[in-house]
Amino acid sequence: MKIEKDYLNLEDVYEIRIFNATEKDFYNSTPQEFDIEDDPIQEFINNISDDVHIFIPYKNGKDFIIQKSSCNLLETYNLSQEDVKGRLLSKISPLFFDSLHDNLFEIYTNHTTKKIRFVYYDTQNESIKKSTAKIVFYMEKIFIIVTNAYGTTSNPGMVDITLDENQNNIMENLSQTGSYYKINGKYTWSQGIYNIINRHKEESDDYHNIVLDLAIPEDKYKVDKILNITNKETSQCDEILRIVDAEGILKLIEVTVYSYFDDNGIFIRQGWINVLTQRHNESSESIDFLLDGSKSSMKLAWLIEPLNKKLYSFSKGFYNLIEKDYGDYAHSREILNNIVEKEVVDELKKLADGDITKVDETLTYKVDGNPQNVKIVNLYIERFEYNNNVHSLGFLTDVTEEMQKKEQLIESNERQLVLIKELHHRVKNNLQIINSFLNIEKRAYKNCPELIVEHIQTRLTSLALLHEKTYNSPDFKNINLKECLSDQDISTKDLVNSPMEIELKTYVDENINVSIEVITPLLLIIDELTMIVIRNAFPDKRTLNKRIIKKVTMLDKDTALLTFEEIGIEIKDSNNITDTIGCEIIKGLTKQLDGTITSIKNENGIVYELVFPIEMVHTIH
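Residues numbered from 1 in each chain as written. Predicted model: local features only at pLDDT ≥ 70, side-chain atom pairs only at ≥ 80, totals over all residues. Heavy atoms only, no water.

**Student:** Talk me through the overall build of the protein; I want residue IDs and the actual numbers.
**Tutor:** What the protein contains, in helices and strands, is 16 helices and 26 strands. A total of 621 residues make up the protein; the buried ones form 48% of that total. When contacts within the protein are restricted to residue pairs at least 6 apart in sequence, long-range pairs at least 24 apart make up 56% of them. Split by element, the accessible area of the protein, about 32400 Å² in all, is 49% carbon and sulfur. (Helix = DSSP H or I, 4+ residues; strand = E, 2+ residues; numbered from the N terminus. Buried < 20%, exposed > 50% of the residue type's maximum accessible area, 1.4 Å probe, protein only. Contact = heavy atoms within 4.5 Å. Areas by Shrake-Rupley, 256 points an atom, 1.4 Å probe, with all protein chains shown as cover.)

Written out as C-alpha cells, the structure reads:
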C-alpha cells in the first residue's frame, strides 16, 4: 500500500492517491475511549443522500474523536456506530489520520471549507475509483461530506473499488470520461475512450495510444511531455490538449497519467481522459469554432480560459502576436511585464484575482520586452460563472497597422489644413504686396503704363511660381532653392523685353532648402535687381557674353549669401542707380527678409551681396 498527496491548481482540490489498499489499512478495531452522545441533527444526517462523517477536535486539533460514520461505511465492513463512535481517528484508521490530519487541522484552526479528492487504485483488478469530499467546520465540529465522481454515495477509502464492467461503461458514457492501462507494452482501453474518439475497438488498439495519437500538430509537444514524464518511476503528468476524433470533431481533453511499479515489480502506466468540450454542448461548439474557425487569422486571437494557467487554449493569432511557437510559450503573469501601460497591467491583475469582471482596453505590447518591436492591441477579457465554476473568455486584435495608418491620415489632414490656411494667408499677403507695388509704380511711372504692367507681370509670375512650389512641397520649411531660381530664370526671359541678349546664369547648391517666409521676398528681390539692370542697361552690340550671374552659398548652417553680378552690361548712370524706385522696394523686402544687402562697384559693374537666413518663424501654426 502506498499514499501520495498533491494539490491540483487547475481544480483547486487537494488530491490523495491510494494504491493497493486493503481493509486492514482503512479500519483497525480499537476499544472505545470517550463517551459520545448523538448529535442533535443525527436524524437529519441519516436521511440525506451524501455520506457524512462527524469528528470532534481533541487536544486543540492534535487528534479527532469519531462521533459518527456513514451508514455506507458501516454496511461495507459489517459494523455498527458503536464500533467506531468514541474512538480516536489516529488509532482506528492510521492511514486516514496521516493523510487527512493537516487538512482537518487547517479547517479546525481557520474555520474554512476545503475540497478533497480521493483516488483509489487496484492494479490486480485494473480498476480506478474517484470520490470527492468537502470538509466543513460547524458547531465546533468537523463534518466530512463525501460524494463520488459519478454522483452516488460512498465513503473515502472504505468502499469496494472493483466496478462491474457494465456499471463502468454507463458511468463513462454519462460523464464523457475514459480510462486505460499499459502493462508490459500492451494497452487496455475502457469503453469511455471509444466514446470520446467516436469509433469502435480495433485489434491494433492494444499497441498504440489511440488518444494521444489524435492530438493536433500544435499540441504534439504536450504529448511528448506526457510520455517523457511518465516513463519515469512513480510519476504523474496532467495536461490539457486538443484532439480531432474519428468524425473530425475538435475536442479539448484533460489527460491525467500515472506511472508506477506494482507489488510484483511490473511497470504500469495508468491514466484517464476527461472531455472538457462536448459535442452536444452548444457553448462547446462555439469554443471549437473559435479555436478552429479563426486559426487562419493572424490579427485576431481568441482566448479560452486565459486566466487559467493550465486550462488555457489560444488561437494562432495570439502566438503570432507574441512571436512565439506553441511549444515555446509558458502561460503565466510574466507576460504582463511586456505591457507598457501600467494601468492596464493593474486591471488585468485585478481581473485575475477576481476583483473585477472584465477588461476592455487598448494597450501597447513590447514583443519579448523589446521597445523596438512594439504592437498596438485591443484586448477584451471577461470572467463569468457557469455550472458553479468561474471561467474566462476573451479576444485580442492586433491593430498596429490600422493605428499607424490612422496617425498618418491625421498628420496628412493636419498638413493639408495648414497648407490651405497658408495658401489663403499667402494669397492675401501677395495681393497686398502687388497693391503696394502698383501704388509706388503709379507715382513713379504715371506716364509709362506699359512699364508698370511689365513690372507687375514679372512679380506676379514669381509669386505664381512660388505658389506652385509650395503646393508640390511636402512642407513649408523645405522648398528647394535651386529649382525655384532656375524656374524664375525661364519665366524672366519670357516676360522681360530687353533691347539686348542677356544670359541668366544661376549657381545654387542642390541641397539648400528654405522656408516659405524666406523664398517669397527673396524671389521678389531678385526680380527687382534683374529689372533694375535691364532698365538701366545701355545696349552695345559690340559687347559679347552679356550675363547676369546669381550665386547662393551657405555661410553657416543657418545663413546663406546671394551674390548678384552683371557681366558685360554697361549701365547708363551707375551713380544714381541706388536711388531708383526699385532699390527702395529691395530695401523694404530685405527688411522683411531680416537680411542685409550691400552693393560693390568693380571693373565689370555692380555686385550686390544679400545675406539672409534660410528659415524664419512660420506664420501659421
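**Student:** Summarise the packing of aromatic side chains; cite the residues concerned and give the values.
**Tutor:** Two numbers describe a pair of aromatic rings. These are the distance of the centres and the angle of the planes. Taken as a whole and judged by the stated rule, the model has 14 aromatic pairs. Relative to Y608, the ring of F564 has its centre 6.3 Å away and its plane inclined at 65°; by these criteria the two rings are edge-to-face. Here Y608 lies in strand 26 (residues 605-613) and F564 lies in strand 23 (residues 559-567), a separation of 44 residues in the sequence. Per residue, the accessibility class of F564 equals that of Y608, and both read buried. Feature note: the residues F314, F318, Y319 and Y329 constitute an aromatic cluster, connected by ring pairs. One cation-aromatic arrangement involves K114 over Y14; the distance from NZ or CZ to the ring centre is 5.3 Å. (Phe/Tyr/Trp six-rings, centres within 6.5 Å; stacked < 30°, edge-to-face > 60°. Lys NZ or Arg CZ within 6 Å of the ring centre and 35° of its normal.)

**Student:** Describe the nonpolar core, listing the residues and the values that go with them.
**Tutor:** Among the nonpolar cores identified, the biggest contains 45 residues, and L481, I519, V552 and F612 are the most heavily contacted of them. Among the elements that take part in this core, helix 15 (residues 516-536) stands out by supplying 12 residues, more than any other. Setting aside chain neighbours within four positions, we find L481 in contact with V508, I512, V514, I519, L522 and V552. In terms of nonpolar packing, the next biggest core, distinct from the first, is built from 31 residues, I16, F64, I92 and V146 among them. (Core = buried A, V, L, I, M, F, W, Y, C linked by side-chain atoms within 4.5 Å.)

**Student:** Break down unusual backbone geometry for me, citing the residues and quoting the values.
**Tutor:** For K59, which is not a glycine, the phi torsion comes out positive at approximately 55°. For E323, which is not a glycine, the phi torsion comes out positive at approximately 60°. E323 sits in the partly exposed class, given a relative accessible area of 42%.

**Student:** How would you sum up the pattern of salt bridges? Please name residues and give values.
**Tutor:** Any two side chains of opposite charge can pair, on the condition that their charged atoms come close. Within this structure, the stated rule accounts for 20 salt bridges. Linking E510 and K482 is a salt bridge whose minimum nitrogen-to-oxygen distance equals 3.5 Å. Note that E510 is positioned in the loop between strand 19 (503-508) and strand 20 (513-514) and K482 in helix 14 (residues 481-495), a separation of 28 residues in sequence. Since its relative accessible area comes to 29%, K482 is described here as partly exposed. Salt bridges sharing common partners tie together E4, E15, R17 and R117. (Salt bridge = Lys/Arg side-chain N within 4 Å of Asp/Glu carboxyl O.)

**Student:** Go over the sheet that holds strand 26 with me, naming the residues and quoting the values.
**Tutor:** Reading across the sheet, the five strands line up as 19-22-23-26-25 and stay open at both edges, with mixed pairing between neighbours. At either margin of the open sheet sits one strand with a lone partner, and together these are strand 19 and strand 25 (596-602). Across the sheet, the axes of successive neighbouring strands diverge by a mean angle of 15°, strand direction being ignored. By the bridge criterion, six bridges tie strand 19 to strand 22 (residues 547-554) in an arrangement that is parallel. Its bridge partner being in strand 22, Y507 is matched across the sheet by K551. (Pairing = 2+ DSSP bridges. Axes fitted to C-alpha atoms, helices over the stretch in contact; angles between N-to-C directions.)

**Student:** Can you break down the sheet that holds strand 12 (residues 267-275) residue by residue, with the values?
**Tutor:** Read across the open sheet, the five strands follow the order 9-8-12-11-10; overall the sheet is antiparallel. Each of the sheet's edge strands pairs with one partner strand only, and the pair in question is strand 9 (186-189) and strand 10 (235-244). Within the sheet, the average angular offset between the axes of one strand and its neighbour, ignoring direction, is 20°. The pairing of strand 11 (residues 250-261) with strand 12 spans nine bridges and is antiparallel. Across the sheet, the residue bridging to S259 is R269, located in strand 12. The strands that helix 8 (residues 220-230) touches are strand 10, strand 11 and strand 12; relative to strand 10, the one it contacts most, it runs at about 155°.

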